[in-house]
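Residue-level listing of the chains:
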Amino acid sequence: MTGWAQRIGAGVAALALAIPGAQPSLAQDSGQAPGAQVSSTSQGGFVLKLNSDLVLTNVVVRDAKTGELVQGLKQSDFSIYENGKQQRIDTFDFESVDKATPLNETTVSGLAAGTTGSGSKAVVVAKPEDLRNHRLIVMFFDLTSMQPEDLDRSVAAAQDFLKKMMQPADLVALVSLGDTLKVDQDFTADKNALIHEVAVYNGTEGQAFAEGATANSNQVEDTTGYTPDESEYNDLNTDHELFALRAVAKSLEKITEKKSLLYFSGGISRDGIENQASLRAAINAAVRANLAIYSVDTRGLQAVSPLGDASTGSLRGSGAYNGGALTTNMNANAATQEVMATLSTDTGGKAFFDSNDFAPAFAQVERDTSAYYAIGFRSTSPLRDGRYRKLTIKINRPGVKLEYRPGYYAPADFQHAGKEDHERDLEEQLASDLPASDMALYLDAMYFRLDENRFFVPVSLIVPGSQIPFVKGGDKDKATLDIIGSVIDEAKRPIGHARETVKLNLDPSLQARQKNIQYTTSFNLPPGKYQLKFVVRENQTGRMGSFEAEITLPEMKKAPLKMSSIVLASMRQPSKKDTPLVRGGQEYVPNISHVFRQDQHLYLLYEIYAPAHEKEAADAPKGSKPGISLLSSLELIQGSTKVYETPLVQAKAINVEGRDAVAIELDVPLAGLKPGQYLCQLNVIDDAGGSFAFPRFAVLVREAAVASSGATGTQPALGVSSPSSASATSSATP
């Protein structure tokens, strides 16, 4: 271990406390590590693939008759089996709170922001060796599920533990879940600081996600009337709670000591198999982090009445008299405890239900972590199939009993992960502050005004075909891409979402591996500044790439020349869609790389909105509308020399009815241009209004392809969506 206590974010503010580093004191044998595979390469070298996933489990050894802890055992006294197959023990250590060296620091890491701004939270980093033999406890208060009286009970129990039971070897951290997950106090041995922070929870924190009516365990509504179905709301709430537990576990996974989490909750509801992926992810993260969860139902001992409590209306029918209502209430109460019980059982902890005395939960944590043997091994199974693996630990001492976690779920690679896991991975990467860089990805967005308060925003993404592992399917090259994206406004609110699975089924003659694969989607947005983020994953190996960009949709009311983005394209394809990108039944496929070949055309499309009208002539017929006068041309500049300019295009009438717009198209064949980089200047003049614009952009022209691939353009296009349409045309030859 080289250091600890680093704050880690996971979509929500997560617990600090991560130690980059190694294991407890260990004894290793020489030779090839379990799970290692050696393969030769075509160049005559060798590649060593090593499974470095260390499985940690804690074993408490007690005398079978007296229950006293048994100490002094050695590594050779233990044997560990995974699914009946013996494993080699790689790490072995004995930890006891009686051997702990008291820490001088008040706060171990001091990274929590806190709710009171106490100045005592200085940043002090403990040495790795100081953590040995300490008891690490996280108190997790789920404010989203507790009623005020439940919160009072849990706070009182926590304060009682801190005042009367906390030992010098204990390091305690405080975490709360409201509208966000917060570390209110990092691991500390300072009782006063902890007691003060716990008191803040006592009814002062707002509840962000109160449960819906269908999740309340002691309320029976009148079933003859209308009851809204809030199951989907409760499912989202449950995911929120389980993701928070997973975030805490992942932030602790680098600390090899055993850790305990006291989870104070008013129950977690689950609807059938809903939330199964979230539950499995939370349990797996806790097991890998060597974190045992002790669930405490803060509702305490409940008197479940067949008539419901005072918050519900009177029952109708015979349910109150034949036992039906009571059974419903009992089942609902048990259902909210089932997830908590699963979390505790599968992580090596214990659940505490139906009691107003929470002291046994704290006592159990102390009992389980007073002294234990930490055993680590690397599985000899190379499979990463995500399946449950049963652990069996044996000892060569008679008259003792062992307490340990009965098993764990193996890591799952992309091929063995389930659909829910795949979807969760995409959502997490979309929410992550860190980019995914396994795949190259580029994104560009443009805009066209639909009306004064709405823009059509096409978004194009390109992925190099060389990054996609195409597989042969008959006479086609096949691949599947998962694409997810979001639009965030300036207030950090998500206002647009895209999700699509694109199946590629391409003719080999297209040589897709040597080209760019392009995907286009669209949004309708009001004026403002937005952040776009997209994630693309190929579904052969699960590699992902992400890209973020900003786009500003301007308020055009006061702009002298109101103009859309300029679309550059090397390809147009037939389309029946009604969008600004479609002109005369041909859809412009944006070339966002601005790279063209000599055997292609440079197509330009842009729109001018609300152009000024010319003055009406004195002899104009009565009732006639004055015309407009828009002038456009494109100049190509190389170095300081203008090498080409298109003929002037003039538009004299609105050609996009309903949007008061003029769409202008330019077609420039590139055969007459030499390969190289060009600076393009688009000249746009509203002659009637006296306004103008001269936007510039760069393009790269390459030599013509040696052999035609049978494709029109530089990249295949994969999809589009959204509304509207519009033309003035020019074709020029350099």
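The coordinates are above.
> Go over the overall build of the protein, please, and point to the residues and values.
The helix and strand inventory of the protein stands at eight helices and 41 strands. Evaluated residue by residue, the protein yields a buried proportion of 49% over its 734 residues. Working note: accessible area of the protein is about 33,400 Å², and carbon and sulfur atoms make up 50% of it.

> Would you mind going over the sheet that holds strand 7 (residues 85-87) in detail, with residue names and values included?
Pairing is antiparallel in the open sheet, where four strands are placed in the order 7-6-16-18. Two strands close off the open sheet at either side, each with one partner strand: strand 7 and strand 18 (407-409). Along the sheet, successive strands turn relative to each other by an average axial angle of 30°, direction set aside. Direction of pairing for strand 6 (residues 78-82) relative to strand 16 (residues 388-395): antiparallel, over a ladder of five bridges. From the neighbouring strand, S79 faces strand 16, where its bridge partner is K394.

> Quick rundown of the side chain of S176? Include the residues and the values.
For S176, the location among the structural elements is in strand 10 (residues 170-177). Of the polar contacts made by the side chain of S176, one reaches the side chain of D184; its length is 2.7 Å. When sequence neighbours within four positions are dropped, the list of residues in contact with S176 reads F141, L143, L181, K182, D184 and Y201.

> So what's going on with the packing of aromatic side chains? Residues and values would help.
As enumerated under the stated definition, the model contains 15 aromatic pairs in all. Judged by centre distance (4.7 Å) and plane angle (40°), the rings of F141 and Y201 are tilted. Of this pair, F141 sits in strand 9 (residues 135-142) while Y201 sits in helix 2 (residues 191-204), and the two are 60 residues apart along the sequence. Since its relative accessible area comes to 1%, Y201 is described here as buried.

> With reference to specific residues and values, describe the pairing of strand 35 (residues 641-645).
Relative to strand 35, strand 34 (residues 630-638) is paired through four bridges, and the arrangement is antiparallel. The residue bridging I637 from the neighbouring strand is K642, located in strand 35.

> Let's hear about the sheet that holds strand 10: which residues, and what values?
The six strands are arranged 11-10-9-12-13-14 in an open sheet whose pairing can be described as mixed. The sheet is open, and its two borders are formed by strand 11 (181-188) and strand 14 (351-352), each paired with just one other strand. Where strand 10 meets strand 11, five bridges bridge the pair, whose relative direction is antiparallel. Paired with L177 across the two strands is L181, which belongs to strand 11. Along the sheet, helix 7 (residues 359-369) makes contact with strand 9, strand 10, strand 12 (259-265), strand 13 (291-297) and strand 14, crossing strand 12 at roughly 165°.

> Lay out the pattern of salt bridges in plain terms, naming residues and giving numbers.
As enumerated under the stated definition, the model contains 27 salt bridges in all. Here R62 ties to E403 by a salt bridge, and the two come within 3.0 Å at their closest N and O atoms. Of this pair, R62 sits in strand 5 (residues 54-63) while E403 sits in strand 17 (residues 400-403); the two residues are 341 residues apart in sequence, bridging distant segments of the chain. Judged by relative accessible area, E403 falls into the partly exposed class, the value being 24%. The residue D489 makes a salt bridge to R493 at a minimum N-O spacing of 2.8 Å. A residue is classified by how much of its surface remains accessible, and D489, at 11% relative accessible area, is buried. Taken together, the shared-partner salt bridges connect R246, D421, R424 and E428 into one network.

> Report on the pairing of strand 23 (residues 476-488), specifying residues and quantitative values.
Each regular strand displays side chains that alternate between the two surfaces of the sheet. In terms of burial, strand 23 is largely enclosed, as 10 of its 13 residues are buried. Where strand 22 (residues 471-473) meets strand 23, three bridges bridge the pair, whose relative direction is antiparallel. Looking across to strand 23, one finds that G473 is bridged to K476. Between strand 22 and strand 23, which pair antiparallel one after the other, the connecting turn spans two residues, and G474 there sits at a positive phi close to 70°.

> Kindly report on the nonpolar core, identifying the contributing residues and their values.
Core analysis: the biggest nonpolar cluster contains 51 residues, and V61, F78, F140, L181, L261 and L343 have the highest contact counts within it. Contact partners of V61, with chain neighbours within four places excluded, come to E68, L69, V70, L73, F78, Y373, I395, V400, K401 and L402. Judged by nonpolar contacts, the second largest core, of 47 residues, contains L441, V459, M556 and A663.

> Explain unusual backbone geometry to me, and be specific about the residues and the numbers.
Most peptide bonds take the trans form, and the phi angle of most residues other than glycine is negative. In this model, N290 sits at a positive phi of 60°, which is unusual for a non-glycine residue. The residue N290 is located in the loop between helix 4 (276-288) and strand 13 in this model. According to the relative accessible area criterion, N290 is buried, its value standing at 3%.

> For the environment of L151, give the residues involved together with the corresponding values.
Among the structural elements, L151 can be located in helix 1 (residues 148-164). According to the relative accessible area criterion, L151 is buried, its value standing at 6%.

> Would you mind going over helix 1 in detail, with residue names and values included?
Taking 1.5 Å of rise per residue, 17 residues should cover 24 Å, and helix 1 covers 24 Å from first to last C-alpha, within 8% of that figure. Restricting attention to buried positions, one finds in helix 1 the residues D150, L151, S154, V155, A157, A158, Q159, F161 and L162.

> Can you explain helix 4? Please cite residues and give values.
Taking 1.5 Å per residue as the helical rise, helix 4 with its 13 residues ought to reach 18 Å, and the 18 Å between its terminal C-alpha atoms agrees with that figure. Most of helix 4 sits out of view: 10 of its 13 residues are buried. Buried within helix 4 we find A277, S278, L279, A281, A282, I283, N284, A285, A286 and V287. Among the residues trailing helix 4, N290 stands out with phi positive, at a value near 60°.

> Break down a nonpolar patch on the surface for me, with residues and values.
A cluster of nonpolar side chains, namely I685, F692 and F694, defines an oily patch on the protein surface of about 290 Å² accessible area. Tracing the sequence through the fold places F692 in strand 39 (residues 691-693).

> Explain the environment of N58 to me, and be specific about the residues and the numbers.
With respect to the helices and strands, the residue N58 is situated in strand 5. For N58, a relative accessible area of 9% translates into the label buried. Considering only alpha carbons, one finds N58 and F94, 36 residues apart in sequence, at a separation of 9.5 Å. Dropping the residues within four chain positions of it, N58 is found in contact with K258, N290, Y372, Y373, A374, E403, Y404 and R405. One polar contact links N58 to N290, side chain to side chain, over a distance of 2.5 Å.

Rules and cut-offs
Residues numbered from 1 in each chain as written. Predicted model: local features only at pLDDT ≥ 70, side-chain atom pairs only at ≥ 80, totals over all residues. Heavy atoms only, no water. Helix = DSSP H or I, 4+ residues; strand = E, 2+ residues; numbered from the N terminus. Buried < 20%, exposed > 50% of the residue type's maximum accessible area, 1.4 Å probe, protein only. Areas by Shrake-Rupley, 256 points an atom, 1.4 Å probe, with all protein chains shown as cover. Pairing = 2+ DSSP bridges. Axes fitted to C-alpha atoms, helices over the stretch in contact; angles between N-to-C directions. Polar contact = N/O pair within 3.5 Å; in protein donor to acceptor, adjacent residues only side chain to side chain. Contact = heavy atoms within 4.5 Å. Phe/Tyr/Trp six-rings, centres within 6.5 Å; stacked < 30°, edge-to-face > 60°. Salt bridge = Lys/Arg side-chain N within 4 Å of Asp/Glu carboxyl O. Core = buried A, V, L, I, M, F, W, Y, C linked by side-chain atoms within 4.5 Å. Expected span 1.5 Å × (residues − 1). Patch = residues over 30% accessible without salt bridge, like charges linked within 9 Å, V, L, I, M, F, W, Y side chains within 5 Å.

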